[in-house]
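Geometric and topological summary
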Amino acid sequence: MPSVRRMILGHVMSGMFSKMNRTKKLQGDVMETPLNRCLSTFDITLLGVGHMVGAGIYVLTGTVAHDTAGPGVVLSFLLAGLASLLAALCYAEFGARVPKAGSAYVYTYVTIGEFWAFVIGWNVILEHMIGAASVARAWSGYVDSLSGGAVSNFTKHTIGGVSLGEPLAHVLDPLASGLCLIYALLLAMGVKGSAAVNSLLTLVNLGVMTLVVVLGIYYMDISNWSSQTGGFLPFGFSGVLAGAATCFYAFVGFDSIATAGEEARDPSKSIPLATAFSMAIVTCGYVMVSGVLTLVVPYWEIDPTAALPEAFSSRGIYWAKYVISVGALCGMTTTLFGSLFSLPRTMYAMATDGLLFGFLGRVNQRTQVPIVNLAISGFVSALIAMIFDLQHLVEFMSIGTFLAYTIVSVSIIVLRYRPETTSPARSSTSGTPTSPNSPPTEGADSNSDCNSVGSTDSELLDVCHVTGALRPQYLWVKNVLGHWEPGTAVVASTKLFIAVCISLSFTLFLLSQDNYSPSWWDYFMLVSHVLILAFSLSVIAVHQQSPNTGKFRVPLVPLVPALSIFFNITLMFHLSLLTWLRFLVWMVVGMLIYFLYGIHYSKEAAGPNSYSILMASSEAERGAKWGATLRVGQKSDKVPILSSEEVHH
């Protein structure tokens, strides 16, 4: 009996793991969608810029400079921008390959599997929900600062001085709450009209940023960066890293570009271009504005609530205070727009796949917008904006963003080296058929490395036709690594790289602490980690990538996505323990939804990884049951016959 129980338990666990690892199959025309494909490259670029340039530049810059990094906030934005750029390139490749709403969620589902896709989608929902609430809170705080505290005083008087304890806000903020609801109503009009409003407000914001830089250069005082005032790094390099972890919040909006892939006219062109343009504009803007801010006034005199207008007001330029305030309100409005734009579309993508409740997958026929999702997004964001303060919201959002960016970067490596599942014809003129597990844009031509291989060398010819196998010139590596199935060595090396990145990031975190005294063992571990990382990347690099199809591709793979993984993991270690605890609570709620609902109602449940198939007692029975399932579910009489090994896989 115990052996029977173990066997049953093994079958149950096997079925569960198979469900969690099943990937999304993209069938038919990927450009077909119930949403409205009406956005140009210009629209999407300004959507990304507007989402990124808002509360980050007008509120976060002053907060990080005053409390965390001092003038080193310039380096904090550079580091955060670099980490974001690496992730943005990965998003751009996926956006060109898979033009669907859902962004990182869809990319992970296509590449890695259902469980991690749900984790990412659940965290993207958190990112945009907290993003909308934090920007609304910053918008409200900015208006309150300009009015001399009139808004908060009125709120205290009206509500009767209700005060909430940590981590909730000290005072409720009905203005921020109402703002979320108003913009949710505006977005319900339709994507084209709301995108036009966003573009106008973004252009006004960019004009104000240009004015800030010009005035800042004229009134700057270089002595504010001198050693007499604490120098350029008064909080040390650890302050720069901690500031970069927070400044990452300022760049999270670029994934709204990928989210708009299902509403772009030409996503394969617009998504990469819009990503490149928006990241360049935003990074330059943040670095220049943070630089002139700390040069106009000493960092300890910066007002964290309204840094830029108060800085120029202290220099006697009172008119600039009001001009900058207009730009600030426009910028924060577009950031709020970006979050409330992306949030319902991510929910829509997960619901159409069956991982979230079905009513979230409905689209209004007149406006072509998921109205129900938008209503829920607006209400929940309004509630969060009402009761949480800005600092806790920013930290809470960052951790989910880091995780999403890390998984997308991992997905790029997996996708590039994933082998084709159909055997190619042995001919120099024939291409490799597209894998049914790959995105429809995945190419199928022979690798260029094979042009010089003779047809008599069967081993080399087999290698040349298999993505994920060793390159012909590196076949000698088999003597070191042993024999691996195509793609498996890359996956194993990627897992090793991630594990070592976590260990290395922890070591660097300890070394960056002022009260930590390093020993020779710490430096030995540091060097060992770097060597293992280099080895992992070398193993990946000697394998063949999928052929180029003319779509945008991340350059220097696996180096660029690997750097993105490392930077994101490193910055996660500089978030507070309380942030990690809140994140754990959010993930517990998500896991309950997935295992009680999503895993059972997934649209991929009828695929080859379904539980009823895997419970068959033998491989032959599995193959027969799968064939019967396909015959029942398909109208066509042409049923693919798979071997027992393919069924088991």
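Residues numbered from 1 in each chain as written. Predicted model: local features only at pLDDT ≥ 70, side-chain atom pairs only at ≥ 80, totals over all residues. Heavy atoms only, no water.

A few words now on the overall build of the protein chain. Secondary structure assignment for the protein chain yields 25 helices and zero strands. Burial analysis of the protein chain (649 residues in total) assigns 55% to the buried set. Sequence-distant contacts in the protein chain: of pairs separated by 6 or more residues, those separated by 24 or more amount to 82%. With the model as given, the accessible surface of the protein chain reaches about 27,100 Å², and the carbon-plus-sulfur share is 66%. (Helix = DSSP H or I, 4+ residues; strand = E, 2+ residues; numbered from the N terminus. Buried < 20%, exposed > 50% of the residue type's maximum accessible area, 1.4 Å probe, protein only. Contact = heavy atoms within 4.5 Å. Areas by Shrake-Rupley, 256 points an atom, 1.4 Å probe, with all protein chains shown as cover.)

As a further point, take the environment of N548. Here N548 shows up in the loop between α20 (520-541) and α21 (559-572). Classification of N548 as exposed rests on a relative accessible area of 53%. A sequence separation of 132 residues divides N548 from R416, and the C-alpha atoms of the two residues are 9.9 Å apart.

Relative orientation of the contacting elements helix α6 (residues 114-146) and helix α14 (residues 318-352) amounts to 160°, with a least axis distance of 9 Å. Compared by their axis directions, α6 and α14 come out roughly antiparallel. The chirality of how α6 crosses α14 is left-handed. Taken together, the residues that form the contact of α6 with α14 break down as 21 nonpolar, nine polar and one charged. (Axes fitted to C-alpha atoms, helices over the stretch in contact; angles between N-to-C directions. Parallel < 35°, antiparallel > 145°, perpendicular 65-115°, else oblique. Left-handed = near helix turned anticlockwise from the far one by under 90°. Nonpolar A, V, L, I, M, F, W, Y, C, P; charged D, E, K, R; others polar.)

Next up on the list: a nonpolar patch on the surface. Among the surface-exposed residues, F357, F359, V372 and I376 lie close enough to one another that they form a single nonpolar patch of about 290 Å² accessible area. One can find F359 in the loop between α14 and α15 (371-387). (Patch = residues over 30% accessible without salt bridge, like charges linked within 9 Å, V, L, I, M, F, W, Y side chains within 5 Å. Salt bridge = Lys/Arg side-chain N within 4 Å of Asp/Glu carboxyl O.)

Glancing now at the environment of N568. Locating N568 in the fold gives a position in helix α21. For N568 and A87, which are 481 residues apart along the polypeptide, the C-alpha to C-alpha distance reads 8.9 Å. If we ignore the near neighbours within four places in the chain, the residues touching N568 are A83, F248, F402, Y405 and T406. Of note is the side chain of N568, whose polar atom sits 2.9 Å from the backbone oxygen of S564. (Polar contact = N/O pair within 3.5 Å; in protein donor to acceptor, adjacent residues only side chain to side chain.)

With that settled, the discussion passes to the pattern of salt bridges. Overall, the coordinates contain four salt bridges when judged by the stated rule. For R22, the salt bridge goes to E114, with nearest N and O atoms at 2.8 Å. Of the two residues, R22 is situated in the loop between α1 (2-21) and α2 (41-52) and E114 in helix α6; the sequence distance between them amounts to 92 residues. Like E114, R22 is buried. The partner of R137 in a salt bridge is D173, and the shortest N-O contact between them spans 3.6 Å. Of the two residues, R137 is situated in helix α6 and D173 in the loop between α7 (150-159) and α8 (174-187); the sequence distance between them amounts to 36 residues. Both residues of the pair, R137 and D173, count as buried.

Note that the residue after V557, namely P558, is joined by a cis bond; omega there is 15°. Within the fold, P558 resides in the loop between α20 and α21. Positive phi, normally seen in glycine, also occurs at L556, with a value near 55°. Structurally, L556 can be placed in the loop between α20 and α21.

Glancing now at the side chain of Q544. By secondary structure assignment, the location of Q544 is in the loop between α20 and α21. Reaching out from Q544, the side chain makes a polar contact with the backbone oxygen of V466 at a distance of 3.3 Å.

Below, the discussion takes up the nonpolar core. Y58, Y91, F118, I125, F254 and I324 are the most contacted members of the largest nonpolar core, which totals 155 residues. Considering each element in turn, this core owes the most residues, 18 residues, to α6. Excluding anything up to four places from it in sequence, I125 contacts L343, T346, M347, M350, L356 and W586. (Core = buried A, V, L, I, M, F, W, Y, C linked by side-chain atoms within 4.5 Å.)

Here helix α10 (residues 236-247) is twelve residues long and its end C-alpha atoms lie 16 Å apart, about the 16 Å a rise of 1.5 Å per residue gives. Of all twelve residues that make up α10, nine are buried, and the element is covered over most of its length. Listed as buried for α10 are S238, G239, V240, L241, G243, A244, A245, T246 and C247. (Expected span 1.5 Å × (residues − 1).)

Now for the packing of aromatic side chains. As enumerated under the stated definition, the model contains 25 aromatic pairs in all. Seen in terms of ring centroids, F235 and Y299 are 5.8 Å apart; in terms of plane orientation they differ by 70°. Their pairing is edge-to-face. Taken together, the residues F235 in the loop between α9 (191-219) and α10 and Y299 in the loop between α12 (267-296) and α13 (307-314) connect sequence positions 64 residues apart. Aromatic side chains F357 and Y597 sit 4.7 Å apart centroid to centroid with 55° between the ring planes, which places their arrangement in the tilted category. (Phe/Tyr/Trp six-rings, centres within 6.5 Å; stacked < 30°, edge-to-face > 60°.)

Tracing the chain through its elements places V73 in helix α4 (residues 73-97). Along the primary structure V73 and F232 are separated by 159 residues, whereas in three dimensions their C-alpha atoms are 9.2 Å apart. Leaving out residues up to four positions away in the same chain, V73 has contacts with T61, V64, A65, S290 and T294.

This brings us to the confidence of the model for the protein chain. On average, the protein chain scores 77 in pLDDT, and the residues at 70 or more come to 79%. Least confident of the elements in the protein chain is helix α23 (residues 611-614), whose mean pLDDT is 36; most confident is α20, at 92. For the stretch residues 422-463, pLDDT sits under 50, and the model shows 80 contacts to residues farther than four places along the chain or on other chains. Counting interchain partners and residues more than four positions distant, the pLDDT-below-50 stretch residues 608-649 has 41 contacts. (pLDDT = per-residue confidence, 0-100.)

On to the packing of α4 against α10. Between α4 and α10, whose axes approach to 8 Å, the crossing angle comes to 50°. Our classification of the angle between α4 and α10 gives oblique. You can see that α4 and α10 cross each other, and the crossing is right-handed. For the pair formed by α4 and α10, the contact residues are L75, S76, F77, L79 and A80 on the first element and F237, G239, V240, L241, G243, A244 and C247 on the second. The residue inventory of the contact of α4 with α10, partitioned by class, reads nine nonpolar, three polar and no charged.

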